[in-house]
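Here is what each chain is made of, one letter per residue.
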Amino acid sequence: MKKERVLEEYSYLFQKNLYLCCMKRKYILLFILCCLSLQPVLAARHYTVIVSLDGFRWDYPQWYNTPFLDFMAEKGVESGLIPSYPSKTFPNHYALATGLYPDHHGIIANSFYDRSTGETFSLGNPKTKTDPHFYGGEPIWITAKRQGLKTAVIYWPGSDVKIKGEYPDTYYIYDQQPQLTFAQRMDSVVSELALPENKRPQLIMAYLSEPDGYGHNYGPQSRQVRKAVVMCDSLLNDLYNKISKLSVAKDVNIIVVSDHGMEFVPSSHNVNLSKYIKQSWVKMADGNAPAEIYARKGCVDSIYNALKDIPHIRVWKRNEIPAELHYGTNPRIGDVIIDPELGYSIDKKDNIPDGGTHGYDPSYMEMHAVFRAMGPDFIHIRHSHFKNVDVYPLLCHLLNIQPAKNDGSFEEIKDIVK
């Protein structure tokens, strides 16, 4: 009996140790699996460089000589971006960065009135332009930084603002003079990629303000814009050649985007608001395409009724803006929105100079922007134009990070990546 009892105890201890051993191995296995699942969040597979060319229409490569953008189309993704409304610079660059429509991120125009503070946001006012109060959402450089990646941003709109208490790891103050030249900006991208691995940013963003300026002054179909487009293409080619000489060249994704297109407006295509509405009805009016009117109390209907039948414009009260524009819920938007027909502009005077402008309904192809991408994560494809809010989730995918809340959809464009 004693011998049998000893054998039972040994058997019990053996089974107990075997169970504990199995449990220990189970937890170790679970720990390893958890670490593997977190790996994409902790480190990017490749480096991503995204360059924006302000006001670069999607079809400029069809009009002008752009050998490098053509090369990108042959090697990678050729497409175009549908801007967010209004198709202006700051609202759309910040939409690209956050994946949010302007109605949701708060930069609803290049200039606007903020009812909550009584201030007017303006690109010409450094105080308001760099005030974090105006910037909602989470730009990609903050999303990446908060998940352990390094970021370098060269003049991208909003990057010199302390959003959510943070800046990119490397950034440049836009109004600080002298600014880097376009060539110096491209060289800065290369310098960031040439840093030691522990200092090298996984995300690098750069902004060039042309060909937008020439497009405004001379119109999209002008020799001046042709020259600016060729210059931008040449700068991109130089950037690519210099990156190709780096040890990390095979691990670099290159993306080229723009914020909006451009359309010619002759001087005769102007709607003079002062002919139709009384100044006493208006607290403030701003913008040319579209125009935002902030009405005095009790004057919204008077303004709307005075404008609703005027040729070449659409007029909406703030709560009646078409849903497809994703515009109208933000309290910074005017009480009455005047949306001109393509090729027309809004002003308070009869005569305006010939030139180009933008801001129109994104359904106009003339407002669509360029998109090119190539690198280790992209396939070769000619893709239909897609919404610019989809760029944010695309960047999150490339960087292997979790996106913040946004309006974009990676599912819409997942076929452009491997």
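This is a predicted model, so every value here is computed, not measured.

Peer 1: Quick question: what am I supposed to make of the packing of aromatic side chains here?
Peer 2: What characterises a pair of aromatic rings is the spacing of the ring centres plus the angle enclosed by the ring planes. Scanning the entire structure with this criterion turns up 22 aromatic pairs. Aromatic pair Phe 68 and Phe 71: ring centres 6.0 Å apart, planes at 35°, arrangement tilted. Here Phe 68 pairs with Phe 71, and both are found in helix α3 (residues 67–75), just 3 residues apart, close to one helical turn. Owing to a relative accessible area of 23%, Phe 71 belongs among the partly exposed residues under this scheme. Ring plane angle 85° and centroid distance 5.2 Å describe the contact between Tyr 85 and Tyr 327, whose orientation is recorded as edge-to-face. With Tyr 85 in the loop between β2 (77–82) and α4 (89–98) and Tyr 327 in the loop between β13 (313–317) and β14 (336–340), the pair connects residues that are 242 residues apart, well separated along the chain. One exposure class covers both Tyr 85 and Tyr 327, and it is buried.

Peer 1: Could you clarify how one ought to interpret the sheet that holds β13 in this entry?
Peer 2: Paired through backbone hydrogen bonds, the strands of a sheet run either parallel or antiparallel to each other. If you walk across this open sheet you meet the 4 strands as β11-β12-β14-β13, and the pairing is antiparallel. The sheet is open, and its two borders are formed by β11 (282–286) and β13, each paired with just one other strand. For this sheet the average axis-to-axis angle between neighbouring strands, irrespective of direction, equals 15°.

Peer 1: Please explain the pairing of strand β1 (residues 47–53) as it appears in this structure.
Peer 2: Strand residues, when the strand is regular, have side chains that alternate between the two faces of the sheet. Burial analysis of β1 places 7 of its 7 residues in the buried class, which makes it a mostly covered element. With burial as the criterion, each face of β1 is covered, one bearing Tyr 47, Val 49, Val 51 and Leu 53 and the other bearing Thr 48, Ile 50 and Ser 52. Bridge count for β1 against strand β8 (residues 252–257) is 6 bridges, and the pairing is parallel. Within the sheet, the bridge partner assigned to Ser 52 lies in β8 and is Val 257.

Rules behind the numbers
Residues numbered from 1 in each chain as written. Predicted model: local features only at pLDDT ≥ 70, side-chain atom pairs only at ≥ 80, totals over all residues. Heavy atoms only, no water. Phe/Tyr/Trp six-rings, centres within 6.5 Å; stacked < 30°, edge-to-face > 60°. Helix = DSSP H or I, 4+ residues; strand = E, 2+ residues; numbered from the N terminus. Buried < 20%, exposed > 50% of the residue type's maximum accessible area, 1.4 Å probe, protein only. Pairing = 2+ DSSP bridges. Axes fitted to C-alpha atoms, helices over the stretch in contact; angles between N-to-C directions.

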